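Structural overview for review
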Amino acid sequence: MKTFKFRLERVLQYRLIVKDEKSREFKKRLMALHEAQDHLEMLEQAWLQNQLETEQILQVEFVVMRGLYS
């Protein structure tokens, strides 16, 4: 009867493949997160620049323009 030879090389290769796939997926999601954070920061800056000052007398056209922009 033949003896069974168990080789761990295939298991190691499979683990490396899975690790590489998970690493690629992590990097892809991390890049999407950074893009979303950059977009959020841009929106926050636009919101801050679009706020009206309460002490200042404003023209109606200016207020309407700001309202349409926001």
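It should be noted that the structure appears before, not after, this text.
Since the model is a prediction, treat every value here as computed from it, not as a measurement.

Across its full length, the protein holds two helices and zero strands. For the protein, the proportion of its 70 residues judged to be buried stands at 3%. Surface accessibility of the protein: about 7,600 Å² in total, with carbon and sulfur atoms responsible for 60%.

So, about the pattern of salt bridges. Counted under the stated rule, the structure contains one salt bridge. A salt bridge links Glu25 to Arg29, with the shortest nitrogen-to-oxygen separation between them at 2.7 Å. Note that Glu25 and Arg29 are positioned in helix α1 (residues 9–50) at a spacing of four residues, about one turn of the helix. Judged by its relative accessible area of 34%, Glu25 is partly exposed.

Negative charge collects at one region of the surface, where Glu35, Asp38, Glu41 and Glu44 lie side by side. Locating Glu41 in the fold gives a position in helix α1.

A separate point is a nonpolar patch on the surface. A cluster of nonpolar residues, Phe26, Leu30 and Leu33, forms a patch on the protein surface that exposes about 290 Å² of accessible area. Tracing the sequence through the fold places Phe26 in helix α1.

Once that is clear, we can look at the environment of Asn50. In this fold, Asn50 is placed in helix α1. Between the alpha carbons of Asn50 and Gly67 there is a distance of 8.7 Å; along the sequence they are 17 residues apart.

Parameters at a glance
- Residues numbered from 1 in each chain as written.
- Predicted model: local features only at pLDDT ≥ 70, side-chain atom pairs only at ≥ 80, totals over all residues.
- Heavy atoms only, no water.
- Helix = DSSP H or I, 4+ residues; strand = E, 2+ residues; numbered from the N terminus.
- Buried < 20%, exposed > 50% of the residue type's maximum accessible area, 1.4 Å probe, protein only.
- Areas by Shrake-Rupley, 256 points an atom, 1.4 Å probe, with all protein chains shown as cover.
- Salt bridge = Lys/Arg side-chain N within 4 Å of Asp/Glu carboxyl O.
- Patch = residues over 30% accessible without salt bridge, like charges linked within 9 Å, V, L, I, M, F, W, Y side chains within 5 Å.
- Lys, Arg positive; Asp, Glu negative; His and termini not counted.
- Charge placed at Lys NZ, Arg CZ, Asp CG, Glu CD.

So, to be careful, I would describe these as geometric facts and stop short of saying anything about function.
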